[in-house]
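Residue strings, one per chain:
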Amino acid sequence: APPALLFSANRQTMKLTLLLASATVATAFVARPPPRVVAPRVRRSTANSQLSMKLMVNAIKYTNGMQDPKIKCPDHDGVPADFTITQEQIETLKRDGVVHIPAALSAEWLAYLRAATEWQINNPHIWASPGVASGIYDYIQRSIWTTNDAFANFEYYSPMATILAKLGETEEIRLSTDLLMVNPNSGFKWHQDNQNGPVLFDDALRWWVTMDDTPAEYGAPVYLKGSHKNKSVKSDAVFVDIESGDLVDYPEQLEFRPKAGDMIVWDARSIHKIDGPESKDWGVMKRRVLGGTGVKKGAVYMGEDRALFSDMSTHELGDGDILSGPQWPRLYPSAVPSEMQARANGECSRTMEGFLRMSGNMLASIGEMASWTNVLKKNKAVVEDEKPAEADDRQPVNQQ
């Protein structure tokens, strides 16, 4: 081959190698949920096992930078689509700490979000590589709105921001973080969300939109009713023991079985879990979810000395500053054109400056990191023929 072509090919190979190496380094800083606690494993013949159709991501196709799937966005008026929220739903969120919003997405928006998700899986971004390599999810990517135009448009124009604003009774919603999650193979045990971005719990509204119906035997999110009012779980805690502290005062479990296009909104302090399949393989089924954190008007930046995976861009905000700017874009009542342009220019994605800032905060945020580490150590190994974990006596109440 001509020398020029060989040089070009070598440059591409070096670029891919550097990207994958960077992803490997980043893996050390990604908070991972614990593996699922399972009953004793007994070796059985696989002759009659169901054929696995496990989703696989092609590592060779990882790319970096901005991505445009060129999927036609549903018609809109340049603002988030309207949606009716009742006073009962507002009061439910305040009382229970969680509310289920059926049919949040129209058929058009649901089809659009599914198409964007399938495109992303087939065109994986380098920032998804640590999570995919962990095997916890088949595909997982944080801050996907910063790199993928289709997800940005969904958050600009779908009813999602309207629903958050009406439930939170706020005049403005900004986006603190989002997360695309496909097939939680190991599930997520009882936990409190604290990777909500550089914001306080009281300013955050957690949201979750599913693209698939809940399977019959697993995959249903379960919440401790009223647990957002607890006083015993520290703000830097992730995984919790629901039999400790004042969590015992919240015995009722609310199990939701959302259908495709439904939305769940909850208080960031609400204790909840989701179980994956015991086989850790979703087979021919999928659980595609887009989730994140909306921020109410007047929220302040609180990210100093915190290791936040959604705060890895370049900015000049300090604790106490009003949360603003393209890194945390306004969605409701409408997006800001200058913030949209900054995102389109690639100014909202992760930077080396942001990565170093987050890495430097690791020691200051040792309590939060220790919460993840302790759970990982506790659940790291599944020993052959050990006794099964004791069942939870508190049975969930189904919330269809």
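As the structure is a computational prediction, the values presented were derived from the model and not from experiment. (Residues numbered from 1 in each chain as written. Predicted model: local features only at pLDDT ≥ 70, side-chain atom pairs only at ≥ 80, totals over all residues. Heavy atoms only, no water.)

**Student:** Which parts of the structure should I look at to understand the sheet that holds strand S7 (residues 253-256)?
**Tutor:** Two orientations exist for strands paired in a sheet by backbone hydrogen bonds: parallel and antiparallel. Taken in spatial order, the five strands make up an open sheet running S4-S9-S6-S7-S12, and their pairing is mixed. Bordering the open sheet on either side are strand S4 (188-191) and strand S12 (396-399), each of which pairs with just one other strand. On average, each strand axis in the sheet is inclined to that of its neighbour by 20°, with strand direction left out of account. As judged from the two bridges shared by S4 and strand S9 (residues 272-274), these two strands associate in the antiparallel manner. (Pairing = 2+ DSSP bridges. Helix = DSSP H or I, 4+ residues; strand = E, 2+ residues; numbered from the N terminus. Axes fitted to C-alpha atoms, helices over the stretch in contact; angles between N-to-C directions.)

**Student:** Help me understand the pairing of strand S2 (residues 137-142) in this model?
**Tutor:** Along a regular strand, successive side chains alternate from one face of the sheet to the other. Within S2, six of the six residues are buried, which leaves the element mostly enclosed by the surrounding structure. Where S2 lies against strand S3 (residues 173-184), five bridges are found, and the strand directions are antiparallel. Each residue of the ladder has a partner; that of arginine 142, found in S3, is leucine 179. (Buried < 20%, exposed > 50% of the residue type's maximum accessible area, 1.4 Å probe, protein only.)

**Student:** Could you clarify how one ought to interpret unusual backbone geometry in this entry?
**Tutor:** Most of the time, phi is negative for any residue but glycine, and the peptide bond is trans. A cis amide bond, omega 10°, links tyrosine 332 with the succeeding residue proline 333. Inspection of the secondary structure assignment puts proline 333 in the loop between strand S11 (330-332) and helix H7 (337-344). In this structure, alanine 103 takes a positive phi of about 50° despite not being glycine. Structurally, alanine 103 is set in the loop between strand S1 (98-101) and helix H3 (107-122).

**Student:** Mind showing me how you'd approach a negative patch on the surface here?
**Tutor:** A contiguous patch of negative charge on the surface is contributed by Glu304, Asp305, Asp319 and Asp321. Here aspartate 305 shows up in the loop between strand S10 (288-296) and S11. According to the relative accessible area criterion, aspartate 305 is partly exposed, its value standing at 49%. (Patch = residues over 30% accessible without salt bridge, like charges linked within 9 Å, V, L, I, M, F, W, Y side chains within 5 Å. Areas by Shrake-Rupley, 256 points an atom, 1.4 Å probe, with all protein chains shown as cover. Salt bridge = Lys/Arg side-chain N within 4 Å of Asp/Glu carboxyl O. Lys, Arg positive; Asp, Glu negative; His and termini not counted. Charge placed at Lys NZ, Arg CZ, Asp CG, Glu CD.)

**Student:** Help me understand the side chain of aspartate 193 in this model?
**Tutor:** By the secondary structure assignment, aspartate 193 is in the loop between S4 and strand S5 (204-210). There is a polar contact of 3.5 Å between the side chain of aspartate 193 and the side chain of histidine 191. Within the structure, aspartate 193 has its side chain in polar contact with the side chain of tryptophan 266 (distance 2.8 Å). Once residues lying within four places of it in the same chain are set aside, the contact partners of aspartate 193 are Phe201, Arg206, Trp266, Ala268 and His272. (Polar contact = N/O pair within 3.5 Å; in protein donor to acceptor, adjacent residues only side chain to side chain. Contact = heavy atoms within 4.5 Å.)

**Student:** Where do I start with the side chain of threonine 92 in this structure?
**Tutor:** Examined against the element boundaries, threonine 92 turns out to sit in helix H2 (residues 87-96). Judged by relative accessible area, threonine 92 falls into the buried class, the value being 15%. Contacts of threonine 92, omitting those with residues within four sequence positions, involve Gly97, Val98 and Val99.

**Student:** Help me understand helix H6 (residues 160-168), please; the structure alone is not making it clear to me.
**Tutor:** Because an α-helix completes one turn every 3.6 residues, residues spaced three or four positions apart along the sequence face the same direction. Among the nine residues that make up H6, eight are buried, leaving the element largely enclosed by the rest of the structure. Taken residue by residue, H6 has Met160, Ala161, Thr162, Ile163, Leu164, Ala165, Leu167 and Gly168 as its buried positions. Two residues or fewer after H6 comes glutamate 169, characterised by a positive phi angle close to 50°.

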